[in-house]
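Structural overview
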Amino acid sequence: MKTITRKKYLDRIIQLNGTPDIKIITGIRRSGKSKLMQAYIEYLKSHLENINIIFIDFMDLAFEEIKEYHALHAYVEERYQEGKENYLFVDEVQMCPHFELAINSLYSKNKYDIYVTGSNAFLLSADLATLFTGRYIEIHVFPFSFQEYCQYNDTVQDKDKLFDDYSLKGGLAGSYAYRTEKDRTNYIKEVYETIVTRDLVQKYALPDTLVLQRLSEFLMDNISNLTSPNKVSQLLAANDTPTNHVTVSKYIKYLCNAFVFYDIKRYDIRGKKYLANSEKFYLCDSGIRYAILGSRNMDYGRVYENIVCIELLRRGYDVYVGKLYQKEIDFVAQRGSEKIYIQVSDNISEEKTFEREVSPLLQIRDAYPKMIIARTKHPKYSHEGIEIYDIADWLLQE
C-alpha cells in the first residue's frame, strides 16, 4: 500500500528528540500512529550514529512472551547498550497489562528516550497524568488532512475533484487501498464499530451498546447543532432508545475521550467569557459520517464546517463557537496571541446567504482577522475587510 511522509508530525517528533519526557503518540484508530513511529525510527537510523533502538510491537506474536510488565521491563534492560543513545519504542502498549509500571520504572532510570503508541480508547489524554508519573508530551495524530490527501493522490491534478472526493472519503488512509466504494466504506465502518462497540465497551465495562451507538449516530447527524445531554436523552427516548441525561453526558465524554468527537464550547465574544450550557460536537473525520449514515441528510455546509473545525485543531488552534448578541460565529480560533473569526458555508453565491454569513462578522468591533470559508471555486477576495476563501484553497495553504 502507498504511504506518504507526514512531515508536520515527523518534524514535531524530531523537535522532541532527546527531551526528558515520555513521548506519547495518540489519535483515533487507523490514523497512522504506528506508521509515524516507524518513519521516525527510519529517520534516526539514517541521521544519527552511535544509537541503540529497542523496538517492541505488541501486535507482533514475536513479543507475546513479554506481555507482562516485569517481562517488558527485563526485556528492555537486557538490550540497553552503555555508551550509546538508547531509544525505546513500544507500539500498542496497552496490550501489556500494567505497562505504565514498566514504562515509569524505565523512565526513572534516565537512560532511555521513550516513545509509545496505543489504541485510542486505552491511552486517553484524560488518563495520561494518572498513568505516567514522569513528564510526558502528547503528540496527537489526526486522520489525513486535505493537503495530505492531495499528496497521496499526486497523479490527480484536479483540485476540485480531489476536494469533492475527500469530503466523502475522509482521511482514514487505510480505506484508500480499496477499489470499490462498498469495500472502502466497509473498512471505515469496521474501524468505527471497533472503537464504539468494542474498545469503549471494554474500557468502561458498558452494559449495553445500543445507547452508545444511537448517541454517536445522533451526534453525527447533528454536526454544527448546539447540543445538550437533556435534549439528546429526550430525543433518543422518543425514538425507542430509553436513557437519561446522566448516561448521555457520560457517553459523550467517552466518545470525546476516544477522539471520535471533539467537544467545541461556546464563547461570548462581547462578554469575553465561556458559556457552559450547551456546546457542539464535531466528528474526527467526515468519511465516517458518510460511511455510517450514507447520503441521508447530506448537508454539505455541515460537512464543510466539520472539515474546517478539524483542520483548525490540526493546526494547533483552540476552537470555540462564538456568540455575539443573538447571532452565532461558527468558529473563534485562538493560537497564542492570534485570533480569527470564521464563518463556514457551502454556497454563498446567493445574496441572501452571503448576507447571513457576513453580517455577524461585521458586528464584531475588534481588529482581529475575519474570514468566510465556502465552496466558492474562486480565488481569495475581500468584502469590507473580511477575507473570503474557497475551502479547498484554504485547506491547502500552510
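Look up a bit, the structure's there.
These remarks concern the structure in this document. What you see as residue numbers is a count from 1 along each chain, following the sequence as written. In keeping with the model being predicted, local features are shown solely for residues with a pLDDT of at least 70 and side-chain atom pairs are shown and tallied solely at 80 or more, while totals for entire chains, interfaces and linings include all residues. Based on all heavy atoms of the structure, the side-chain values leave hydrogens and waters out of the count.

What counts as a helix is a DSSP run of H or I of at least four residues, what counts as a strand is a run of E of at least two, and both are numbered from the N terminus. When helices and strands are tallied, the protein chain shows 15 helices and 13 strands. Just to be clear, the radius of gyration here is over C-alpha atoms, and the globule rule we use is 2.2 Å times residues to the power 0.38. In summary, the protein chain has a C-alpha radius of gyration of 22 Å against a globular reference of 21 Å for 398 residues, a match within 12%. Exposure classes here rest on a 1.4 Å probe applied to the protein chains alone. A residue is buried below 20% of its type maximum, exposed above 50%, and partly exposed in between. Residue burial in the protein chain is summarised as follows: out of 398 residues, 53% are buried. When checking whether two residues touch, look at their non-hydrogen atoms; a contact exists if any pair is within 4.5 Å. If you take every contact in the protein chain between residues at least 6 apart in sequence, the share linking residues at least 24 apart comes to 67%. Entry remark: accessible area of the protein chain is about 18,900 Å², with carbon and sulfur atoms responsible for 47%. His is not counted here, nor are the chain ends, while Lys and Arg score as positive and Asp and Glu score as negative. Just so you know, the charge point we use is NZ for Lys, CZ for Arg, CG for Asp and CD for Glu. Each charge class in the protein chain can be summarised by its mean position, and for the 52 positive and 56 negative side chains these summaries are 3 Å apart. Per-residue accessibility takes into account occlusion by the displayed protein chains alone, with areas from the Shrake-Rupley method and a 1.4 Å probe.

Let us now look at the pairing of strand β5 (residues 136–140). Here β5 shows a buried face lined by I137 and I139 and an unburied face lined by Y136, E138 and H140. As paired elements, strand β1 (residues 22–26) and β5 share five bridges and run parallel to each other. Counterpart to I22 in the pairing with β5 is Y136. By definition, two strands form a pair when at least two bridges between them are found by DSSP.

Here we take up the side chain of T185. Within the element layout of this structure, T185 appears in helix α8 (residues 181–204). Classification of T185 by relative accessible area gives buried; the value is 11%. Apart from the residues lying within four places of it in its own chain, the contact partners of T185 are Y290 and A291.

Once that is clear, we can look at the packing of α8 against helix α9 (residues 210–221). Direction vectors running N to C along α8 and α9 enclose 140°, while the axes themselves pass 11 Å from each other. In terms of orientation, α8 lies oblique with respect to α9. Regarding α8 and α9, the two cross each other, and that crossing is right-handed. Between α8 and α9, the contacting residues are Y192, V196, T197 and L200 on the first element and L212, Q213, S216, E217 and M220 on the second. Each axis is a line fitted through C-alpha atoms, taken for helices only over the stretch in contact, and angles between the N-to-C directions span 0 to 180 degrees. Relative orientations are named as follows: roughly parallel for angles under 35 degrees, roughly antiparallel for angles over 145 degrees, roughly perpendicular for angles from 65 to 115 degrees, and oblique for any other angle. Crossing chirality is assigned from the near helix's rotation relative to the far helix, an anticlockwise turn below a right angle marking it left-handed and a clockwise turn marking it right-handed.

Ordered by their spatial adjacency, five strands build an open sheet running β2-β3-β4-β1-β5, and the pairing between neighbours is parallel. The outermost strands of the open sheet, each flanked by one partner alone, are β2 (51–57) and β5. Within this sheet the neighbouring strands show an average axis-to-axis angle of 15°, counted without direction. With three bridges connecting them, β1 and strand β4 (residues 112–117) associate as parallel partners. By the bridge assignment, I25 is partnered in β4 with T117.

It is worth spelling out empty space enclosed by the protein at this point. Note on definitions: the grid is 1 Å and covers protein atoms alone; a cavity is a set of points where a 1.4 Å probe fits but cannot get out; a pocket is an open set with protein on both sides within 12 Å along at least five of seven lines; lining residues have an atom within 4 Å of a point. Grid points are joined across faces, edges and corners, and a volume is the space filled by probe spheres set on the points. The full count for this structure, using the stated rule, is one cavity of 30 Å³ or more. In this structure, the largest cavity encloses a volume near 60 Å³. In terms of lining residues, the largest cavity is bounded by Y166, C284, D285, S286, N306, I307, I310 and R314. Gly is placed with the polar residues, together with every amino acid not listed as nonpolar (Ala, Val, Leu, Ile, Met, Phe, Trp, Tyr, Cys and Pro) or charged (Asp, Glu, Lys and Arg). Grouping the amino acids of the lining of the largest cavity by side-chain chemistry returns four nonpolar, two polar and two charged.

Bringing the sheet that holds strand β12 (residues 381–383) into the picture now. Taken in spatial order, the eight strands line up as β7-β6-β8-β9-β10-β11-β13-β12 in an open sheet, and their pairing is mixed. Where the open sheet ends on each side, the last strands, each with one partner, are β7 (273–283) and β12. The sheet shows a mean angle of 35° between the axes of neighbouring strands, direction not considered. As paired elements, β12 and strand β13 (residues 386–390) share three bridges and run antiparallel to each other.

Only Phe, Tyr and Trp rings take part, Trp by its six-membered ring, and two of them pair if their centres are within 6.5 Å. Stacked means planes under 30 degrees apart, edge-to-face means over 60, and tilted covers everything else. In total, this model carries 24 aromatic pairs according to the counting rule given. Measuring from ring centre to ring centre gives 6.0 Å for F144 and Y176, while their planes differ by 65°; the resulting arrangement is edge-to-face. Taken together, the residues F144 in the loop between β5 and α6 (146–152) and Y176 in the loop between α7 (159–169) and α8 connect sequence positions 32 residues apart. Residues F144 and Y176 agree in their burial class; the two are buried. A network of ring pairs unites the aromatic residues F144, F146, Y149, Y152, F163, Y166, Y176, Y300 and Y304 as a single cluster. For a ring to carry a charge above it, either NZ of a lysine or CZ of an arginine must fall within 6 Å of the ring centroid while also lying within 35 degrees of the normal to the ring plane. Over the face of the ring belonging to W394 we find R315, whose NZ or CZ atom lies 4.3 Å from the ring centre.

Between its terminal C-alpha atoms helix α14 (residues 351–362) stretches 16 Å, which fits the 16 Å expected from 12 residues at 1.5 Å a residue. Taken together, the buried positions of α14 are occupied by T353, F354, E357, V358, P360 and L361. Buried residues in α14, looked at end-on, bunch into an arc of 160°, giving them a common side. For α14, the exposed residues lying more than 90 degrees away from the buried face are E351, K352 and R356. The inward-facing, buried residues of α14 contact β8 (318–324), β9 (327–335), β10 (338–344), β11 (370–374), β12 and β13. Expected helix span is computed as 1.5 Å times (number of residues minus one). Summarising the geometry, the arc corresponds to the directions from the helix axis toward the C-beta atoms.

Moving on to the environment of T247. Along the chain, T247 turns up in helix α11 (residues 245–257). The spatial distance from the C-alpha of T247 to the C-alpha of L212 is 9.3 Å, given a sequence separation of 35 residues.

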